[in-house]
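# Observations on the three-dimensional arrangement
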Amino acid sequence: MNSLDRCLEEFHKDAQRVRTLDELNRLKGRYVGRKGVLNDYLKQMKALSPEKRRETGQKINQLKKIMEEEISQLQKVVGQSTKKYGKVDLTLPGNAIPSGSFHPITLILNRIIEIFFSLGFRVEEGPEIETEYYNFEALNFPSEHPARDEQDSFFLPHNYLLRTHTSPVQIRTMEKYPPPLKVVVPGRCYRRDPMDATHSMVFHQVEGLVVAEGISMGHLKGTIELFSRRLFGANRKVRFRPSFFPFTEPSAEVDISCGVCAGEGCRSCGYSGWLEIMGAGLVHPNVFKSAGYNPEAIRGFAFGMGVERIAMLKYGIPDIRLFFENDLYFLSQFRGL
Ligand code: DAH
């Protein structure tokens, strides 16, 4: 009887060490299996007196019950941890944590600013809610100019409006600092255009302004050609076309040769071989006057480009609406750029 008690103690000790299903099966075999310890005891009973045999038999059955009970308890615990950890395949690839990426507009804006920064330009910013004075008057817009029409701009009470371009920051910058100046102005602009593949009510511009003695059209051309070569590559040509803006004289529209057909003419460039990238010109004397500069003493050049348009040309994006739809499939293509 003593050895049976010891056997149970041994069992408890062994059971405590069981961690896996394998170990549990071995424990089961060793104690309650066909060739287990309890069966050995049963076999040895033949040698006992009938009375002892009954007593021992009962004891053995009692132990068997206790052991089986404990084994089935252990089975639950070990089974669970096997489900949780035992079948983990450490060689499987992990779950990727989705990483964000910069918006293509941010990417191109950073690149544009980086190029001008390397040429010695500083960055200035101005408000998106502007006065009619800064947005139009100070920039030499006549009062009958179509941009002043309610059809074209978002007007707010008290002569405020959402700025239609970044040019008002030219005036704000000149009011803040004396010449000479060399700034670029990134920012959001608003126009009452119906949305289509090339128009958006919200869009971005980068304005440029250089003011110093003796600035000429040559400085403007050199700067823009350098910028275009850095952004689009040395193989793209730049051309200046005469144009009109109230705040520049002379004014030009700047084109680069089409990257698809190399200037031959194709569907991308409307068969002209050229793509417009910005407006530019020499600062109008009236603009200097509005800002409190002496137009006799200094000259300047200015330019303004649409960031969406530049990004569309650079990345081959066919529709401006893609920038504003938050479509992750579209946006994730710019990861790592
Ligand atoms: N503000 C003009 C526009 O939104 C772009 C522009 C043209 C800016 C010529 C300039 C410039 O600074 O010189 O269409």
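These numbers were taken from a predicted model, which means no experiment stands behind them. (Residues numbered from 1 in each chain as written. Predicted model: local features only at pLDDT ≥ 70, side-chain atom pairs only at ≥ 80, totals over all residues. Heavy atoms only, no water.)

## Thoughts on the sheet that holds strand S2 (residues 129–131)
Strands belonging to one sheet form pairs held by backbone hydrogen bonds; the direction of such a pair is parallel or antiparallel. Threshold: At least two DSSP bridges between two strands are required for those strands to pair. What counts as a helix is a DSSP run of H or I of at least four residues, what counts as a strand is a run of E of at least two, and both are numbered from the N terminus.
Taken in spatial order, the three strands make up an open sheet running S2-S4-S3, and their pairing is antiparallel. At either end of the open sheet lies a strand with only one pairing partner, and these are S2 and strand S3 (155–156). Of the pairings in the sheet, the one linking S2 to strand S4 (residues 160–162) comprises three bridges and is antiparallel in character. Looking across to S4, one finds that Thr-131 is bridged to Tyr-160.

## Quick word on the site of the ligand
Note the threshold: Consider each residue's heavy atoms; a residue with any of them within 4 Å of a molecule or strand counts as near. Distance and chemistry together define a polar contact, namely a pair of N or O atoms within 3.5 Å, with one atom able to donate a hydrogen and the other to accept it when in protein, and with adjacent residues in sequence counting only for side-chain atoms on both sides. Per-residue and other accessible areas follow the Shrake-Rupley method at a 1.4 Å probe size, with only the shown protein chains counted as cover for residues. Side-chain classes are defined by residue name, with Ala, Val, Leu, Ile, Met, Phe, Trp, Tyr, Cys and Pro counting as nonpolar, Asp, Glu, Lys and Arg as charged, and the others, Gly among them, as polar.
Neighbouring the ligand are 15 residues; His-165, Ser-167, Arg-191, Gln-205 and Glu-207 lie closest to it. Ala-302 is positioned with one of its backbone polar atoms (N or O) 3.2 Å from an oxygen atom of the ligand. A distance of 3.2 Å is found between an oxygen atom of the ligand and a backbone nitrogen or oxygen belonging to Phe-303. Considering the ligand on its own, with 360 Å² of exposed area, one finds that the protein chains cover 90% of that surface. Across the shell around the ligand, the residue classes tally to five nonpolar, eight polar and two charged.

## What about the domain arrangement of the protein?
Selection criterion: These domain boundaries are the output of an automatic or database domain assignment.
Segmentation of the protein into domains returns domain 1 (2–85) and domain 2 (104–332). The centre of domain 1, based on its C-alpha atoms, is set 87 Å off from the matching centre of domain 2.

## Observations regarding the pattern of salt bridges
Convention followed: By definition here, a salt bridge exists when the distance from a side-chain nitrogen of Lys or Arg to a carboxyl oxygen of Asp or Glu is within 4 Å. Only protein chains enter the calculation, and the probe is 1.4 Å; a residue is then buried if its accessible area is under 20% of its type maximum, exposed if over 50%, and partly exposed in between.
Enumeration according to the criterion identifies 12 salt bridges in this entry. When the shortest N-O distance is used, the salt bridge between Lys-59 and Asp-5 registers 3.1 Å. Of this pair, Lys-59 sits in helix H4 (residues 50–86) while Asp-5 sits in helix H1 (residues 2–17), placing them 54 residues apart in sequence. The salt bridge involving Asp-14 is made with Arg-17; its shortest N-O contact spans 3.4 Å. Of this pair, Asp-14 and Arg-17 are both found in helix H1, three residues apart, which corresponds to roughly one turn of the helix. Of the residues examined, Asp-14 reaches a relative accessible area of 14% and is grouped as buried. By relative accessible area, Arg-17 is classed as exposed at 55%. Sharing partners across several salt bridges, the network here consists of Arg-239, Arg-241, Asp-255 and Glu-276.

## Quick word on the packing of helix H5 (residues 104–118) against helix H8 (residues 217–232)
Angle between the axes and distance between the axes: these two values describe a pair of packed helices. Note the following rule: Angles run from 0 to 180 degrees between N-to-C directions of axes, and those axes are lines fitted to C-alpha atoms, restricted for helices to the stretch in contact. In this scheme, roughly parallel covers angles under 35 degrees and roughly antiparallel covers those over 145, while 65 to 115 is roughly perpendicular and the rest are oblique. Working rule for handedness: look at the near helix, and if it is turned counterclockwise from the far one by less than a right angle, call the crossing left-handed; if clockwise, right-handed. In what follows, a contact means two residues having at least one pair of non-hydrogen atoms within 4.5 Å.
Across the interface, H5 lies against H8 with an axial gap of 10 Å and an inter-helix angle of 135 degrees. Relative to H8, the element H5 lies oblique. Here the hand of the crossing between H5 and H8 comes out right-handed. Listed contacts from H8 to Ile-108, Arg-111, Ile-112, Ile-115, Phe-116 and Ser-118 of H5 are Thr-223, Phe-227, Arg-230 and Leu-231.

## What about the nonpolar core?
Put simply, the rule is: Residues belong to a common nonpolar core when they are buried Ala, Val, Leu, Ile, Met, Phe, Trp, Tyr or Cys residues joined through side-chain atoms within 4.5 Å.
Counting residues in hydrophobic clusters, the biggest one holds 45 residues, and the most contacted among them are Phe-303 and Met-305. Within the second largest apolar cluster, 21 residues are counted, among which are Leu-139, Leu-161, Ile-171 and Ala-291.

## What to know about the environment of Glu-225
Considering the arrangement of structural elements, one finds Glu-225 in helix H8. On a C-alpha basis, the gap between Glu-225 and Ile-115 in space is 12 Å, while along the polypeptide they are 110 residues apart.

## Here we look at the pairing of strand S9 (residues 274–283)
Most of S9 is tucked away: eight of the 10 residues are buried. As paired strands, strand S8 (residues 248–257) and S9 are joined by eight bridges and run antiparallel to one another. By the bridge assignment for S9, Ser-257 is matched with Trp-274. Pairing geometry for S9 and strand S10 (residues 299–306), over five bridges, is antiparallel. What sits directly across from Met-278, in S10, is Met-305.

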